[in-house]
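A look at the structure
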Amino acid sequence: MFDRSIKIAPSILAADFASFGAECRAVEAEGADWVHVDVMDGHFVPNLTFGPAMCAALRPHIRGVMDVHLMISPVDPYLEAYAKAGADNITVHVEAGPHIHRTLQAIAALGKRPGVAINPGTPVEAVAELLDLVGLVCVMTVNPGFGGQGFIETQLAKIARLRQMIGDRPVHLEVDGGISATTAPLVTRAGADVLVAGAAVFKGGTPEAPAAYGANIRAIRAAAETGLR
Ligand code: DX5
Ligand code: ZN
């Protein structure tokens, strides 16, 4: 049976950039299901973050799933490097290149779970031909590039439509951007099962005093579960 239980995936984009290893250990100890790593290239999105060497350095600090979100273009030349860095999931944007089908095949050939992400301006039909190739579809609920932005409500209809399109395929439906205890029930009601959250997880805590991370994760999870009723 495919595990469609709610998963909370803290985005380390909201962590202390001087303490990534400790931040990953802290959020996992406080209940994170996956750790989400936002890779940005200053070209596909207007911000720059982590190269493969950073992911490789983080890998020993993450016991569970390292969920790597590549917001880069071109993406194909870097897939092998992120696979070797220890990513479990490699998610690429349908908007990032002309050959998304080939890119997803390449990720699968590297032995990783292929994911496809769509920006707020992209219709769900863009992934219709890809659902048998992926293990994850990510609906961006903000325009990618920065943490701490406001949730874009119009994406809820897309989540619901994708949930229907996915059917009983073993494919996670992830949402990314502006997720909090307020927005979590909206996305789970629409059909999301993996909730990425940056600002809402890391607020109020530090790696030395991580109790707030646990409280934040529990609050998001509890709110998410009310959306399933
Ligand atoms: C946006 C990133 C997100 C972001 C989420 O470009 O892909 O993962 O960090 O952060 P919050 O939850 O703060 O919107
Ligand atoms: Zn992300």
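It should be noted that the structure appears before, not after, this text.
The sections below set out a description of the structure shown in this document. Quick caveat, the model's predicted, so the values are computed rather than measured.

What counts and what doesn't
- Residues numbered from 1 in each chain as written.
- Chains lettered and ligands numbered in written order.
- Predicted model: local features only at pLDDT ≥ 70, side-chain atom pairs only at ≥ 80, totals over all residues.
- Heavy atoms only, no water.
- Near = heavy atom within 4 Å.
- Polar contact = N/O pair within 3.5 Å; in protein donor to acceptor, adjacent residues only side chain to side chain.
- Areas by Shrake-Rupley, 256 points an atom, 1.4 Å probe, with all protein chains shown as cover.
- Helix = DSSP H or I, 4+ residues; strand = E, 2+ residues; numbered from the N terminus.
- Nonpolar A, V, L, I, M, F, W, Y, C, P; charged D, E, K, R; others polar.
- Donors = N, O, S within 2.8 Å, 3.2 Å for Na, K, Ca; no water.
- Tetrahedral: all angles 85-135°; square planar, octahedral: opposite > 155°, others 65-115°.
- Buried < 20%, exposed > 50% of the residue type's maximum accessible area, 1.4 Å probe, protein only.
- Salt bridge = Lys/Arg side-chain N within 4 Å of Asp/Glu carboxyl O.

1. Brief notes about the site of ligand 1
Neighbouring ligand 1 are 20 residues, the closest being Asp 38, Gly 145, Gly 148, Asp 176 and Gly 198. A distance of 2.8 Å is found between an oxygen atom of ligand 1 and a backbone nitrogen or oxygen belonging to Gly 148. Between ligand 1 and the protein, one listed contact pairs an oxygen atom with a backbone N or O atom of Ala 199 at 3.0 Å. Surface burial for ligand 1 is 98%, taken as the share of its 380 Å² of free accessible area covered by protein chains. Every element with two or more residues in the shell around ligand 1 is listed here: β2 (34-40), β3 (65-71) and β8 (194-197). No other element matches β2, which puts 3 residues into the shell around ligand 1. Within the shell around ligand 1, the residues separate by chemical class into 9 nonpolar, 9 polar and 2 charged.

2. Quick word on the coordination of the zinc ion (ligand 2)
On the protein side, the zinc ion (ligand 2) has His 36 (NE2), Asp 38 (OD), His 69 (ND1) and Asp 176 (OD) as donor atoms, found 2.0 to 2.3 Å from it. Angles of 69 to 170° at the metal separate the 6 donor atoms of the zinc ion (ligand 2), which places the site in the octahedral class. Given the relative accessible area of 1%, His 69 is considered buried.

3. Some details on the pattern of salt bridges
Under the defined criterion, the tally for this structure stands at 5 salt bridges. In this structure, the salt-bridge partner of Asp 33 is Arg 221, at a minimum N-O distance of 2.9 Å. Residue Asp 33 is located in the loop between α1 (20-29) and β2, and its partner Arg 221 is located in helix α8 (residues 211-226); the two are separated by 188 residues in the primary sequence. With a closest N to O distance of 3.0 Å, Lys 84 and Glu 80 form a salt bridge. Here Glu 80 and Lys 84 lie together in helix α3 (residues 79-84), a separation of 4 residues that amounts to about one turn. When its relative accessible area of 68% is taken as the criterion, Lys 84 is described as exposed. Accessibility expressed as a relative area gives 44% for Glu 80, which makes it partly exposed.

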